[in-house]
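# Results of the structural survey
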Amino acid sequence: MPLKEKIAAGKFIILGEFEPPKGADFDSFITDANLVKGRVEALVVPEMANAVLKASSLGGCACLEREGIPSVFQVCCRDRNRLALQADILSAAALGVQNIMAVNGVETRFGDHPQTRTVNDLDLIELIETVQTLSQGKDLAGVELKGTPGFSVGSTIDAGAAGNLLDIEMERLEKMLENGVDYVITNPVFDLRRFEQFVKRVDTSKIAVLPTVLLLKSAGMARYIDRNMRGITIPPDTIRRIQKAPDKVQECIRIAAETIKQVKKMGLAGVLISTVGWESKLPSVLNEAQL
Amino acid sequence: MIVAKRKPIEEIIEEVQAYDKILLVGCNECVTVCEAGGKKEVAVLASALRMHFMNQGKEVKIDEITLERQCDHEYLEELRNQIDQYDVVVSLACGVGVQFMAEKYMNMPVMPGVDTCFMGVTEERGVWSERCQGCGTCMLAKTGGICPVSRCAKRLFNGPCGGSTNGHCEIDKNVICAWQLIIDRMKNLDKLEDYEALVPIKDWSTERAGGPRKVVREDVMQ
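Described below are features of the structure shown in this document. Given the structure is predicted, the values throughout are model-derived calculations rather than measurements. (Residues numbered from 1 in each chain as written. Chains lettered and ligands numbered in written order. Predicted model: local features only at pLDDT ≥ 70, side-chain atom pairs only at ≥ 80, totals over all residues. Heavy atoms only, no water.)

Attention now goes to the sheet that holds strand 7 (residues 208-214) of chain A. All names here are of chain A. Around the barrel, which closes on itself, the eight strands sit in the order 1-2-3-4-5-6-7-8 with parallel pairing between neighbours. Direction aside, neighbouring strands of the sheet carry axes that sit 30° apart on average. Relative to strand 6 (residues 183-188), strand 5 (residues 152-157) runs parallel, the two being bridged by four bridges. Each bridged residue has a counterpart across the sheet, and for Thr156 the counterpart in strand 6 is Ile185. The strands that helix 4 (residues 82-94) touches are strand 3 (71-76) and strand 4 (99-103); relative to strand 3, the one it contacts most, it runs at about 175°. Where helix 7 (residues 192-200) meets the sheet, its contacts fall on strand 5, strand 6 and strand 7, and the angle it forms with strand 7 comes to roughly 160°. (Pairing = 2+ DSSP bridges. Helix = DSSP H or I, 4+ residues; strand = E, 2+ residues; numbered from the N terminus. Axes fitted to C-alpha atoms, helices over the stretch in contact; angles between N-to-C directions. Contact = heavy atoms within 4.5 Å.)

Now the structure itself:
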């Protein structure tokens, strides 16, 4: 069942983020994914997050679908032109993928292949339009397709934006809505009070908002994110909790689980749990959050 | 030079339709050479606009000026004392000039009068063609002075593709295959062994892919 139907049914959506490997060995990717099979609605497979070369989202989704685990295919403006994007979207549909998520992609200069040429043939809104066009049975050249793909369509939104930037985000959200986006996933959220201010600006009856809950790994990581990542604030209490905890890993799991519970209490559609390399700990987060 | 072509008059009319006092600004550099935005083209555009507004029965002030360049502060400054008399500027410089004008005169709408096309040469009067894409790492020393980035449709670095037929490119039989030109030139220079050397995978970070670019020369900074 596509995500939009689950969202419409009022189910609290749990998504996990599963990065494909940097290499051709998908064993641990598949093993870890099977640990949460049936406990998550779908697994989001990032398309070379942070512009670091990994196996593709489409490849990861194909592996998951083969295991009977629903996936969310990430399509990214950065690396593919309109021909390649449309080809991949059609292929994803044929592989059984029902959920798609459009992203801009982090600039390649921040990744491990800064010598590459970025593509950005389509921007994010145009990419979302493309998914809609394909879902209506035509390609961007207006040619009729043999078999129409159908997806639940998502994208991203910056929940940390403030002032003018937040106004711009809201305009972007409007454009996404006009182009049939069913859900948006935010950047990682730690400060729920601040996040509530963002949620107040969004009509959640029209679009499902799923905050990302990022599993921290250490106080150092938390401090780094708080200082360096635009739009993400980690309360000092959270950092202190990790510092003081005798079992720091368990404390990080507890913090993630508490955030998930609070998000659920806010009445939002669901969460994306991002474990960045600690995918094997996702079951513990779900246990701690009693999900 | 930067090669540009005149915008369709309908598009320029649409840009300025709402205004009453229009200043048309030409540029005496590249766009003059490619006959798109110099003094002559400013005069032609001014006449066309005057005729359009006259037919509409609308009284519009249209003035003309051509600056030496629009990509340098000192020449754009020449407009400082008169620009407030207008409510829109149409710059017939390349996109660089239009933007620099807009940066300098923040409260003045600045419209483009030409479409900026590429960096190229005058093959003959009325024919301009592309020679450089400003990739930031010139490799002409290795390709006999012929650029595969700007002249090969696929930007190939290791010889022609399978679409090259009788020295012509597959995209258009009137386009000469850049690699045919490179090989012919290498033969003339007796440097065919250079052609046989494999070129390392190109670093595009100095091209636009790495974001907006800047050259800083501290030795000439004042």
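There is more to say after this.
Let us now look at the sheet that holds strand 6 (residues 114-124) of chain B. Residues and elements named next belong to chain B. Overall, antiparallel pairing links the three strands, which are arranged 1-6-7 in an open sheet. Edge positions in the open sheet fall to strand 1 (2-6) and strand 7 (127-132), since each of these has one partner strand only. Direction aside, neighbouring strands of the sheet carry axes that sit 75° apart on average. The pairing of strand 1 with strand 6 spans five bridges and is classified as antiparallel. Within strand 6, the position partnered with Val3 by the bridge is Phe118.

Taken as a whole and assessed by the stated rule, the structure comprises five aromatic pairs over all chains. Centroid distance A:Phe26 to A:Phe29: 5.5 Å. Interplanar angle 80°. Geometry classified as edge-to-face. Like A:Phe26, the residue A:Phe29 is buried in the burial classification. When the centroid spacing of 5.9 Å and the interplanar angle of 25° are considered together, the rings of A:Phe195 and A:Phe198 count as stacked. Of this pair, A:Phe195 and A:Phe198 both sit in helix 7, three residues apart, which is roughly one turn of the helix. Judged by its relative accessible area of 3%, A:Phe198 falls in the buried class. Put simply, the rings of A:Phe18, A:Phe26 and A:Phe29 touch in pairs and so form one group of aromatic residues. Over the ring of B:Trp204 we find A:Arg117; its NZ or CZ atom is 4.5 Å from the centre of that ring. (Phe/Tyr/Trp six-rings, centres within 6.5 Å; stacked < 30°, edge-to-face > 60°. Buried < 20%, exposed > 50% of the residue type's maximum accessible area, 1.4 Å probe, protein only. Lys NZ or Arg CZ within 6 Å of the ring centre and 35° of its normal.)

This part is about the nonpolar core. One finds A:Phe73, A:Ile89, A:Phe195, A:Phe198 and A:Leu216 to be the most contacted residues of the largest nonpolar core, which totals 80 residues. In terms of residue count, helix 10 (residues 248-265) of chain A provides more of this core than any other element does, seven residues in total. Once residues within four sequence positions are removed from consideration, A:Phe73 is found in contact with A:Ser57, A:Leu58, A:Cys61, A:Asp88, A:Ile89, A:Ala92, A:Val97, A:Asn99, A:Ile100 and A:Met101. In this structure, B:Cys34, B:Ala46, B:Phe53 and B:Ile62 belong to the second largest nonpolar core, which totals 24 residues. (Core = buried A, V, L, I, M, F, W, Y, C linked by side-chain atoms within 4.5 Å.)

Scanning the entire structure with this criterion turns up zero disulfides over all chains. You can see A:Cys63 has no disulfide; the closest cysteine sulfur is in A:Cys61, sitting 9.3 Å from it. Given the relative accessible area of 10%, A:Cys63 is considered buried. B:Cys152 supplies the cysteine sulfur nearest to B:Cys161, a cysteine that is in no disulfide, at a spacing of 6.4 Å. (Disulfide = S-S within 2.5 Å.)

Everything listed here is a matter of coordinates, which is why it stays silent on function.
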